[in-house]
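Breakdown of the fold
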Amino acid sequence: MNHFCIYTNVHKDKDLFFTEKVRSFLIQQNKRCSIKASEEEEIPQDVDCILVLGGDGTMLQAARDIMERKGVALLGINLGTLGYLTEVEPEGVENALLQLFHGDYELESRMMLKGMVIKKEGGREEGWALNDIVISKADSQKVLEFTVSVNGKLLNRYLADGMIVTTPTGSTGYNLSAGGPIAEPGARLLILTPICPHTINQRSIILSPEDEIVIDIPLGREGQTQRAAARFDGCALSLQTGDAIRIVKSEKTTDFIKLSKAGFLEVLRKKMSDN
């Protein structure tokens, strides 16, 4: 790897002090270096690796920005809090980069989700997510009524604040806060977790990666039109009564650089004990 792009969250590194520190070290090691610290700046086409300075949100944004590119991997440097998606703490960045230069790392391919919003009027919109696709109410309505089908068969009717469809990577995010299970990030599976369901017997469900999930938005109570949002790692598409969203495993993947020899459970225990 010779050409690196430093992808900086300027809210975490406001004066770009740490960004400049990393850039200087790369230059000292005779590596090419580009910086993306604003929306206007582009990621070079010939970049080999993206060093993400920030937290999990920054990692998700970087993953979206390189979604159409093959052969580009992400290495997260944690300037946030827990940083489940990041690999390196700031104090260890130089040793981590030296390890990377010597080829002492693994690439971990993470699955992604593809969602297609199917409008009642016939239009369609697509989106992709590394973490999760969250269906939630979009206005002041108390709850959202919706149905979930899997492979063309009704799974359940829900009265809840929404539904999380997550990858294993996203299982430690909103899914975890909503009471869903944690999955090993390299696994291939889909997790459905209702958000604040109004019946106690509606729990998370783990599905095969080959399954197709369809969430329909019907009329609400007293025949009222419901309005909802489908958020793809936070980027929203609107939904309303008569619309549906189809969610499947995407053919796209995101490559993470793994430097640590520690297993997933060891890393998870450390992250949770540090919280």
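Up top you'll find the structure we're talking about.
1. Let's talk about the sheet that holds strand 10 (residues 162-166)
Judged by pairing direction, the sheet is antiparallel, and its six strands sit side by side in the order 12-11-10-7-14-15 without closing on themselves. The two strands at the open ends of the sheet, each matched to only one other strand, are strand 12 (205-207) and strand 15 (235-240). Direction aside, neighbouring strands of the sheet carry axes that sit 20° apart on average. As paired strands, strand 11 (residues 190-195) and strand 12 are joined by three bridges and run antiparallel to one another. When the bridges of strand 12 are listed, Leu190 appears paired with Leu207.

2. What about the nonpolar core?
With 27 residues, the main nonpolar core has Ile135, Phe146, Ile213, Ile215 and Ile245 as its most contacted residues. Per element, the largest residue contribution to this core is four residues, and it comes from strand 8 (residues 144-150). Leaving out residues up to four positions away in the same chain, Ile215 has contacts with Ile135, Phe146, Thr147, Val148, Met163, Val165, Asp243, Ala244 and Ile245.

3. Side note on the state of the cysteines
A covalent bond between the sulfur atoms of two cysteines is referred to as a disulfide. Scanning the entire structure with this criterion turns up zero disulfides. Take Cys5: it sits in no disulfide, and the sulfur closest to it among the cysteines is that of Cys33, at 7.6 Å. What makes Cys5 buried here is its relative accessible area of 0%. Between Cys49, a cysteine without a disulfide, and Cys5, which holds the nearest cysteine sulfur, the sulfur-to-sulfur distance is 9.4 Å.

4. Regarding the pairing of strand 11
In terms of residue burial, strand 11 counts as a mostly covered element, since six of its six residues are buried. Here strand 10 pairs with strand 11 via five bridges, running antiparallel. What sits directly across from Val165, in strand 11, is Leu192.

Rules behind the numbers
- Residues numbered from 1 in each chain as written.
- Predicted model: local features only at pLDDT ≥ 70, side-chain atom pairs only at ≥ 80, totals over all residues.
- Heavy atoms only, no water.
- Pairing = 2+ DSSP bridges.
- Helix = DSSP H or I, 4+ residues; strand = E, 2+ residues; numbered from the N terminus.
- Axes fitted to C-alpha atoms, helices over the stretch in contact; angles between N-to-C directions.
- Core = buried A, V, L, I, M, F, W, Y, C linked by side-chain atoms within 4.5 Å.
- Buried < 20%, exposed > 50% of the residue type's maximum accessible area, 1.4 Å probe, protein only.
- Contact = heavy atoms within 4.5 Å.
- Disulfide = S-S within 2.5 Å.

What is shown is where atoms sit, not what they do.
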